[in-house]
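Descriptive analysis of the structure
Read off the chains here:
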Amino acid sequence: MRPTIVRLAVPAALLTLALSACAPAPIYKATANNAAVPPSQVAREPERYGNSDVIWGGRIVRVSNFADHSEIEILAYPLDGSQRPQANDTGNGRFIAAMPGYVESLDYPAGGLVTVAGRLNGTRASNVGQASYTFPLVSVNQSNVWTAKEMSGGHPNISFGVGVGVIR
């Protein structure tokens, strides 16, 4: 009876390991201190969220470099279970990610997808085009610019069943 269990357990363990390797790991572990709130809500009620920790992501709009820090304007999207921005969803407002030092705009390209973890640090009134806008500010501790391969990761091209399969 034991050899049968071993014969079944080994392939199951290998399959589990292979499938778990397909999904990218989150860049930051959520904690009880994380505010699970979109940037648009923080912009409306900044005093309610103070300097909470957040994990936000979205599409990079622009990078601005200053003498001692850089700011990345981001159009926010909801994050999936691996903290990847879901760019096919509706936007959740905009925010500014403040990073110490110089940020190379080629490493954070306009249109690229990014996830940041950090602490809320107030808001800033500015404009988006001709419209007035309130941007939540995030002091970034960690960030990840997602590659196309990472964005498609976690969706293995493996299926089980009877029939004909087509490889894309």
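Figured I'd write up the structure that's included with this text.

Rules of the game
Residues numbered from 1 in each chain as written. Predicted model: local features only at pLDDT ≥ 70, side-chain atom pairs only at ≥ 80, totals over all residues. Heavy atoms only, no water. Helix = DSSP H or I, 4+ residues; strand = E, 2+ residues; numbered from the N terminus. Contact = heavy atoms within 4.5 Å. Polar contact = N/O pair within 3.5 Å; in protein donor to acceptor, adjacent residues only side chain to side chain. Pairing = 2+ DSSP bridges. Axes fitted to C-alpha atoms, helices over the stretch in contact; angles between N-to-C directions.

Section: the environment of Val63
By the secondary structure assignment, Val63 is in strand S1 (residues 53-65). Taking C-alpha positions, Val63 is 9.9 Å from Ala98, a pair spaced 35 residues apart along the chain. Excluding residues within four positions of it along the chain, Val63 makes contact with Glu71, Ile72, Val103, Ser105 and Tyr108.

Some remarks on the side chain of Ser52
Here Ser52 lies in the loop between helix H3 (46-49) and S1. Here Tyr49 takes part through its backbone oxygen, which lies 2.6 Å from a polar atom of the side chain of Ser52.

Observations regarding the environment of Ile60
Within the secondary structure, Ile60 is located in strand S1. Sequence-distant contacts of Ile60, defined by excluding residues within four places in its chain, comprise Ile72, Glu73, Tyr108, Pro109, Ala110, Gly111, Gly112 and Val114.

So, the sheet that holds strand S2 (residues 69-77)
What the five strands build is a closed barrel, ordered S1-S2-S3-S5-S4; its pairing is mixed. Each adjacent strand pair in this sheet contributes to an overall mean axis angle of 45 degrees, direction not counted. As defined by bridge partners, strand S3 (residues 94-100) adjoins strand S5 (residues 131-146) across three bridges and the pair is classed as parallel. Its bridge partner lying in S5, Ile96 is registered against Leu137.

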